[in-house]
Every structure is written in structure tokens, then in C-alpha cells.
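Observations on chain architecture
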Amino acid sequence: QIPVGILLDRFGPRRVQSALLLVAAAGAGLFAMSTGFLSLLIARAMIGLGVAAALTAGLKSIVLWFPRERVSLLNGYMIMLGSLGAVTATAPAEHLLAWMGWRQLFELLAAATCGTAVLIWFVVPERAESSSTPTGQATQKAVFQDRRFWRISPLAATCVGSAWSLHGLWASPWLTDVEGLDRATLVTQLFAMAIVLSGGAWLFGMTLHRLRRRGVPTEVVLASVAVLFIAAELTLILRVPLPSILPWSAVAIVGAATVVSFAVIADYFPPELAGRANAALNVLHFGWAFLAQYATGLILEQWSTDDGHKPILAYQVAFGLNVAMQIAAFVWFAL
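These numbers come from a predicted model, not from an experiment. Here the residue numbers are simple positions, counted from 1 along each chain's written sequence. A pLDDT threshold of at least 70 governs which residues receive local features in this predicted model, and a stricter bar of 80 or more applies before side-chain atom pairs are shown or counted, although totals over entire chains, interfaces and linings include all residues. Excluded from the side-chain calculation are hydrogens and water; included are all heavy atoms of the structure.

It is worth spelling out the pattern of salt bridges at this point. Should a side-chain nitrogen of Lys or Arg be within 4 Å of a carboxyl oxygen of Asp or Glu, the pair is scored as a salt bridge. Using the criterion set out here, one finds eight salt bridges in the structure. A salt bridge links Glu 126 to Arg 14, with the shortest nitrogen-to-oxygen separation between them at 2.6 Å. With Glu 126 in the loop between α7 (102-123) and α8 (140-144) and Arg 14 in helix α2 (residues 13-33), the pair connects residues that are 112 residues apart, well separated along the chain. With a closest N to O distance of 2.9 Å, Glu 94 and Arg 183 form a salt bridge. Remark: Arg 183 occurs in helix α10 (residues 183-213) and Glu 94 occurs in helix α6 (residues 91-100); sequence separation between them is 89 residues. What makes Arg 183 exposed here is its relative accessible area of 53%. Here the salt bridges do not stand alone but share partners, grouping Asp 9, Lys 60 and Arg 276 into one network. A run of DSSP states H or I qualifies as a helix once it reaches four residues; a run of E qualifies as a strand once it reaches two. Both are numbered from the N-terminal end. The buried label goes to any residue with under 20% of its type's maximum accessible area, the exposed label to any with over 50%, and the partly exposed label to all in between, with areas taken from a 1.4 Å probe on protein chains only.

With that settled, consider the packing of aromatic side chains. Aromatic pairing here means that ring centres of Phe, Tyr or Trp (its six-membered ring) are within 6.5 Å. Orientation follows from the plane angle: under 30 degrees is stacked, over 60 is edge-to-face, and everything else is tilted. By the definition in use, this model includes 13 aromatic pairs. A centroid spacing of 5.0 Å and a plane angle of 45 degrees characterise the contact between Trp 164 and Phe 286, whose relative ring orientation is tilted. In this pair, Trp 164 is assigned in helix α9 (residues 147-177) and Phe 286 in helix α14 (residues 274-300), connecting sequence segments 122 residues apart. By relative accessible area, which is 44% here, Phe 286 ends up partly exposed. Judged by centre distance (6.4 Å) and plane angle (85 degrees), the ring pair of Trp 248 and Phe 319 falls under edge-to-face. Residue Trp 248 is located in helix α12 (residues 245-255), and its partner Phe 319 is located in helix α15 (residues 312-334); the two are separated by 71 residues in the primary sequence. A relative accessible area of 0% means that Trp 248 is categorised as buried.

Time to look at the nonpolar core. If you look at the biggest cluster of nonpolar residues, it comprises 61 residues, and the most contacted ones within it are Trp 174, Trp 248, Phe 269 and Phe 319. Of all the elements in the fold, those that place two or more residues in this core are α9, α10, α11 (218-237), α12, α13 (258-268), α14 and α15. For this core, the element with the highest residue contribution is α9, accounting for 12 residues. Contacts of Trp 248, omitting those with residues within four sequence positions, involve Leu 166, Trp 170, Ala 171, Trp 174, Leu 175, Gln 189, Met 193, Leu 236 and Phe 319. Buried residues of nine kinds, namely Ala, Val, Leu, Ile, Met, Phe, Trp, Tyr and Cys, make up a nonpolar core once their side-chain atoms join them within 4.5 Å. Residues count as neighbours in contact if any of their non-hydrogen atoms are within 4.5 Å of one another.

Here we come to helix α3 (residues 37-50). A helix's residues, less one, multiplied by 1.5 Å, set its expected span. Across its 14 residues, α3 extends 20 Å between first and last C-alpha, which sits within 8% of the 20 Å expected from 1.5 Å per residue. Listed as buried for α3 are Ala 43, Ile 47 and Gly 50. One face of α3 carries all of its buried residues, which in axial projection span an arc of 65 degrees. For α3, the exposed residues lying more than 90 degrees away from the buried face are Phe 37 and Leu 38. Check the buried side of α3 and you find it contacts α2 and α7. Note: the arc covers the axis-to-C-beta directions of the helix.

What follows covers the environment of Val 123. For Val 123, the position within the fold is in helix α7. Val 123 gets classed as exposed once you look at its relative accessible area, which sits at 57%.

Right under this line is the structure:
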């Protein structure tokens, strides 16, 4: 993320995004042909590298092309459309796999990604930046030395990163082990959560746009999102008698709260630092998602499996640790 952010500020989103998507396309193609663990691992790493700019390049483009007062609205639109990828990874992917198999699916993804890279290269126009920050100050160090960045980043990371961890990995085991859902019902609920994630990004964008016009600070919205997320997790942990789709939908919505956190960052830094600043925050989003995924797994491993399922207490302890970290980050933010 950090090198990608620097490249975006230096060469622009058109060149960086189109070049990296070719790497992702090659990775998807290699994945489709792989027969062993090492080649699958290398291919997956290429896909990860290739899509590393997918979010930050869009954020950088919006900062370059649109007035500041519309950034949050357009961030919401972009992340809403990007979240449709999470939708296709549930029920639609399940149907495609039954029809064509996973190798053919990755061949299709490789072709689509390559076509997108070519489209971006030839269609997206360049935009010259009018720098308001002296060149010597437009560095990554300027981002990390800003106290405002370290005020909001722990709260954004622990909330958004944990939401990604839960939605992307641990929702499925919870719904299977704790709620007892079968495969078909599980896929349907994950599909619904992905729809909510996409709609949540649009909702955040529209809400932020209107609140900012009324003078409401974006930081207030971020704090409200944190409260909603903590409440949803406590609903799951304490086994409040509600349909599980309700708290899990709240978790999915928080996964779209990058609309809010990146809107705050857009207020703090000028356009020529946008790539570096967004990338720095994204490192913390992804970093916390990784830590939350891994730590949750380590905690669950402390309990033995009963008939293929982990006990409810294991999930309560693991999810409770997440909540404790979020509360600490919220207190830091408030103070």
C-alpha cells in the first residue's frame, strides 16, 4: 500500500491502476493453470499485488477530478460499485462454480481483468495536479507526523478491519457452528450481507454529503459507526434474541465505513498527498483485518472441536477481544 500510494501521487491513477491490473490478470491466469501449492500461492500473491491499488486509485481519482465538497458522496458511489465484487463472490460464484468449475471461473476473471486494464489505459484521461504543498513536504513522513492521522486511524482500523475480518472469514464459521445454518442458507445470508455492504457504502456517501453541507463534522459520523459496530458485536456475543441477519448486517455496513474514514483523510491532506495518506490508512485497515483474522483463529484453537463445531464460548471470547480493542480505540479518539 505505501509504495502504491507514492506511485499514485507521482504517476497518477491511470498508469498505476492499468499496469497493476495486468499483474492481477496474469495471476488469475496462472491460478487457473496451477497444479501445486507453490504455484497457487505465487498466483494468489500476484492477484493481491495486482488489486492493491484498486481502492486507493479510485480515491485518488476522485480527489483529483471533483470538488472537495463532493468527495464523500463520490467515494460512496465508488465503494458501492466496488462492493458488488463481494456480492458476486457469494451466490453468483456458487452458481458459476456448479456450471463451469473453478479453473474456468479464474480464466474468466483473468480475461475480464485484462480487459479492464486496457479500458482504463485508453479511456481514463490524465489530470495535472496543481500543487499547493511544497515538493519537499509532499512525503510519506508528512502523513505519519500529522497528529490528526493518529487520532482517527486506530478507531478506523479496529472497526473497518474487524468488520472485514468478520464478514470475510469468521461470519461463515459462526453461522455454521453457533447458528447451525446449512450450506444453502449460509450462502443466502452471506449474499444478503454482501448486498447490505454495497448499499451501506451508498448510504454512507449520501449521508456524509448531506451532513457535511449542514456543518456536521465527519469525525462524528465515524464515532457513530463505531458505536453501531460495538453494539452489533455485543448483540452477537450476548446472544440477544434477534434474527442473526440484523447484527450481521450491521457488521457488513461497517465494512463500508471506509467511505467515512477516507472522507476524513481527504479533509486533512491536500490532493498531492492523497495517494500516500489513503494508502497509509489502508495499511492499518488491512493490517488490522489480518491481525483480527489470525488472532480469532488462535483463540478458537484453544477449544476442542465437538462434532466438527467450535463451542459458542470460543467465539464469544474471540469476538469479545475485538470489542475490547475497539472500545480502547474509541476512548483514545474521544480523549
